[in-house]
Amino acid sequence: MIVSKIHIKMLNEDALNHLKKNLTFITKKIQDNSTNDWIYTEFPQPMFTEKKFEIKDFTLIENPESKDKNIDLQNSIAIFESCRNLPRYILTDQCFWLWMHFEKFYSIVKNMMTINGTSTINNMWMHGQGVRRGLMFGVLSRCYFRIALSYDESASDPYHLSKWVIENPLRFRELTWRTYSSEEHIIRGALKGEKRAVEEKGEKVNVYPDLAKAISIFGSVRLLDSVSEEDMEQMVYEKMLELLG
């Protein structure tokens, strides 16, 4: 079977600046328009710049307000599988995700959430809370990173942790706001430890902020780069048992 490939695009600087300066206007346009035809008259052109990098083309399934967790998982895996070989500087650039939001998947992204006002567009389309938090709030970027940081190639089902995360994002969210969030083995080990403890003791969602703080404290004593995934799993497992009482 021939796999169709496409060149990625990036929102250009003029369009990005236009977005940021006209957020209220842009929000109203998104609320009022089910298709993206309006962007080609409202934005400076050309709006997107094609790059040399290619990805396997993919589609997403409609999932109004992201209510269906199984569809959420399927969409997240589709994004990850297609984009996983891109350089990290592309994957952490809002202009790459804004191409997907405004051109490639406009109507699907619009329907994945309730738009309550400019704050929704700023945080969930525009990554307005900075690079780290912004990527974890972004409609499609968070789908990608939930998989990228939980993918376990050593398991018979490499997505077993991803399923667990998407079932309840609170299990993951606090970890991704910390400085160690770029260390995939730390996040993966932490998720394994959480999962083991929860399966034994049950779940209390209010423990996750305390757990994330405990990992930060642990990292201030030991260089997290040098901590193995297995050691992180065991540390988190023991801490979770303590927090769960």
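Structural notes, computed from the coordinates. (Residues numbered from 1 in each chain as written. Predicted model: local features only at pLDDT ≥ 70, side-chain atom pairs only at ≥ 80, totals over all residues. Heavy atoms only, no water.)

Things to note about the overall build of the protein
Operational definition: Numbering of helices and strands runs from the N terminus, with a helix taken as a DSSP run of H or I at least four residues long and a strand as a DSSP run of E at least two residues long. The globule rule used here is 2.2 Å times the number of residues to the 0.38 power, and the radius of gyration it is set against is calculated over C-alpha atoms. Residues count as neighbours in contact if any of their non-hydrogen atoms are within 4.5 Å of one another. The Shrake-Rupley method, run with a 1.4 Å probe, gives the accessible areas here. Residue values count only the displayed protein chains as cover.
What the protein contains, in helices and strands, is 15 helices and 2 strands. Compactness check: the protein gives a C-alpha radius of gyration of 19 Å against a globular reference of 18 Å for 245 residues, within 12% of the reference. Dimensions of the protein, computed from the C-alpha atoms along their principal axes, are close to 55 × 45 × 35 Å. Within the protein, contacts between residues at least 6 apart in sequence are counted, and of these 73% link residues at least 24 apart. Entry remark: accessible area of the protein is about 11,700 Å², with carbon and sulfur atoms responsible for 48%.

Here's the deal with the packing of aromatic side chains
The cut-off we apply is this: The aromatic pairing rule takes the rings of Phe, Tyr and Trp, using the six-membered ring of Trp, and pairs them if the centres are within 6.5 Å, calling planes under 30 degrees apart stacked, those over 60 edge-to-face and the rest tilted. Burial status follows relative accessibility: with a 1.4 Å probe on protein chains alone, a residue under 20% of its type maximum counts as buried, one over 50% as exposed, and anything between as partly exposed. Geometrically, a charge over a ring is one whose NZ (Lys) or CZ (Arg) sits within 6 Å of the ring centre while staying within 35 degrees of the ring normal.
Enumeration over the complete set of coordinates arrives at 16 aromatic pairs. Judged by centre distance (5.2 Å) and plane angle (45°), the ring pair of Phe-58 and Phe-105 falls under tilted. Here Phe-105 lies in the loop between α6 (94-104) and α7 (106-111) and Phe-58 lies in the loop between β2 (48-56) and α4 (69-83), a separation of 47 residues in the sequence. We note that Phe-58, like Phe-105, is buried. Ring plane angle 70° and centroid distance 5.0 Å describe the contact between Phe-102 and Trp-125, whose orientation is recorded as edge-to-face. With Phe-102 in helix α6 and Trp-125 in helix α8 (residues 118-125), this residue pair connects regions lying 23 residues apart in the sequence. Like Phe-102, the residue Trp-125 is buried in the burial classification. Taken together, the ring pairs connect Phe-80, Phe-96, Trp-97, Trp-99, Tyr-144, Phe-145, Tyr-151 and Tyr-159 into an aromatic cluster. Cation over ring: Arg-171 sits above Trp-164, and NZ or CZ is 4.2 Å from the ring centre.

Describing α4
Convention followed: Each residue after the first adds 1.5 Å to the expected span of a helix. In protein, a polar contact means a hydrogen-donor-capable atom and an acceptor-capable atom, both N or O and within 3.5 Å, with residues adjacent in sequence counting only if both atoms are side-chain atoms; elsewhere, any N or O pair within 3.5 Å suffices.
If you check α4, its first and last C-alpha atoms are 21 Å apart, about what 15 residues at 1.5 Å a residue would give, namely 21 Å. What α4 keeps buried is the set Ile-71, Asp-72, Leu-73, Asn-75, Ser-76, Ile-77, Ile-79, Phe-80, Ser-82 and Cys-83. The elements touched by buried residues of α4 are β2, α5 (88-91), α6, α10 (141-148) and α11 (160-167). At the N-terminal boundary of α4, the capping side chain belongs to Asp-68, with an oxygen 2.9 Å from the backbone nitrogen of Asn-70.

Details of the packing of α4 against α11
Between two packed helices, both the angle of their axes relative to each other and the distance between the axes serve to describe the pair. This is how the line gets drawn: Helix axes are fitted to C-alpha atoms over the stretch in contact, other axes to C-alpha atoms as well, and angles between N-to-C directions run from 0 to 180 degrees. Roughly parallel means an angle under 35 degrees; roughly antiparallel, over 145; roughly perpendicular, 65 to 115; everything else is oblique. Should the near helix be turned anticlockwise from the far one by less than a right angle, the crossing is termed left-handed; should it be turned clockwise, right-handed.
In the contact formed by α4 and α11, the axes pass within 10 Å of each other and the chain directions differ by 130°. In terms of their interaxial angle, α4 and α11 are classed as oblique. You can see that α4 and α11 cross each other, and the crossing is right-handed. Between α4, through Lys-69, Asp-72, Leu-73 and Ser-76, and α11, the contact on the second element is made entirely by Ser-162, Lys-163, Ile-166 and Glu-167.

Describing unusual backbone geometry
Residue Glu-65 is not a glycine yet carries a positive backbone phi of 55°. Within the secondary structure, Glu-65 sits in the loop between β2 and α4. Phi at Ser-66 is positive, roughly 55°, even though this residue is not glycine. Position of Ser-66 relative to the elements: it lies in the loop between β2 and α4.

Describing helix α2 (residues 23-32)
Side chains of residues three or four places apart in an α-helix project in the same direction, reflecting 3.6 residues per turn. Test applied: Picture the helix axis, draw a direction to every C-beta atom, and the arc is the one those directions span.
Looking only at α2, the buried set comprises Leu-23, Ile-26, Thr-27 and Ile-30. All buried residues of α2 project into a common sector of 105° when viewed along the axis, lining one side. Elements in contact with the buried residues of α2: α1 (13-21), α6, α7 and α8.

Focus on the pattern of salt bridges
Pairing between side chains of opposite charge can happen when their charged atoms approach one another. The test is simple: By definition, a salt bridge exists where a carboxyl oxygen of Asp or Glu is found within 4 Å of a side-chain nitrogen of Lys or Arg.
Per the stated rule, a full pass over the model turns up 17 salt bridges. Here Lys-9 and Glu-103 are joined by a salt bridge, their closest N and O atoms 3.2 Å apart. One end of the pair, Lys-9, is in strand β1 (residues 5-11); the other, Glu-103, is in helix α6, with 94 residues separating them in the sequence. For Lys-9, a relative accessible area of 24% corresponds to the partly exposed category. A relative accessible area of 22% places Glu-103 in the partly exposed class. Asp-32 is paired through a salt bridge with Lys-28; the nearest N and O atoms lie 2.5 Å apart. Remark: Lys-28 and Asp-32 occur in helix α2; sequence separation between them is 4 residues, near one turn of the helix. Look at Lys-28 and you get partly exposed, because its relative accessible area is 47%. Among the charged side chains, a network of salt bridges with common partners joins Asp-152, Arg-188, Lys-192 and Glu-229.

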